[in-house]
Amino acid sequence: MGFRFAAIRRASFTARKAASKSVEVPKGYLAVYVGEKQKRFMIPISYLNQPSFQDLLGQAEEEFGYDHPMGGLTIPCSEDIFQHITSHLNGQ
């Protein structure tokens, strides 16, 4: 029985490791989904302290609560608006 458990555990670890490589997020960044097509963006976690980004987080909380359809943080605005806000944050 011990051998079988170890084999299952190893297979599970391998599957998780393979899955994590396909969706890796660099250290210090957060993946968010934006727009109708739920495009994935990587943003620096420092954005979370910015008032303009906190407004987006408030909108996400109002619309989705803590149940985001993509499994990650979903921002309920268009890609254009999101890129406009983040471009200003990049300049700071």
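Details of the structure are given in the entry above.
Please read these numbers as outputs of a predicted model, since none were measured by experiment. (Residues numbered from 1 in each chain as written. Predicted model: local features only at pLDDT ≥ 70, side-chain atom pairs only at ≥ 80, totals over all residues. Heavy atoms only, no water.)

K.L.:
What is the right way to look at the overall build of the protein chain in this model?
P.N.:
Helix and strand counts for the protein chain stand at 3 helices and 3 strands. Counting from the amino terminus, the protein chain carries its helices and strands in the arrangement α-β-β-α-β-α. Buried residues in the protein chain amount to 24% of all 92 residues. For the protein chain, contacts bridging at least 24 residues in sequence account for 44% of all contacts bridging at least 6. Just so you have it, the protein chain exposes about 6800 Å², and 56% of that area is on carbon and sulfur atoms. (Helix = DSSP H or I, 4+ residues; strand = E, 2+ residues; numbered from the N terminus. Buried < 20%, exposed > 50% of the residue type's maximum accessible area, 1.4 Å probe, protein only. Contact = heavy atoms within 4.5 Å. Areas by Shrake-Rupley, 256 points an atom, 1.4 Å probe, with all protein chains shown as cover.)

K.L.:
In this structure, what is going on with the pairing of strand β1 (residues 29-34)? I would like to understand it.
P.N.:
The two faces of the sheet receive side chains in turn, since in a regular strand these alternate between them. For β1 and strand β2 (residues 39-44), the ladder comprises 6 bridges, and the chain directions are antiparallel. Bridging across to β2, Val 32 finds its partner in Phe 41. Counted between consecutive antiparallel strands, the loop separating β1 from β2 contains 4 residues, among which Gly 35 sits at a positive phi close to 85°. Relative to strand β3 (residues 73-75), β1 is paired through 3 bridges, and the arrangement is parallel. Bridging from a neighbouring strand, Val 32 pairs with Leu 73 of β3. (Pairing = 2+ DSSP bridges.)

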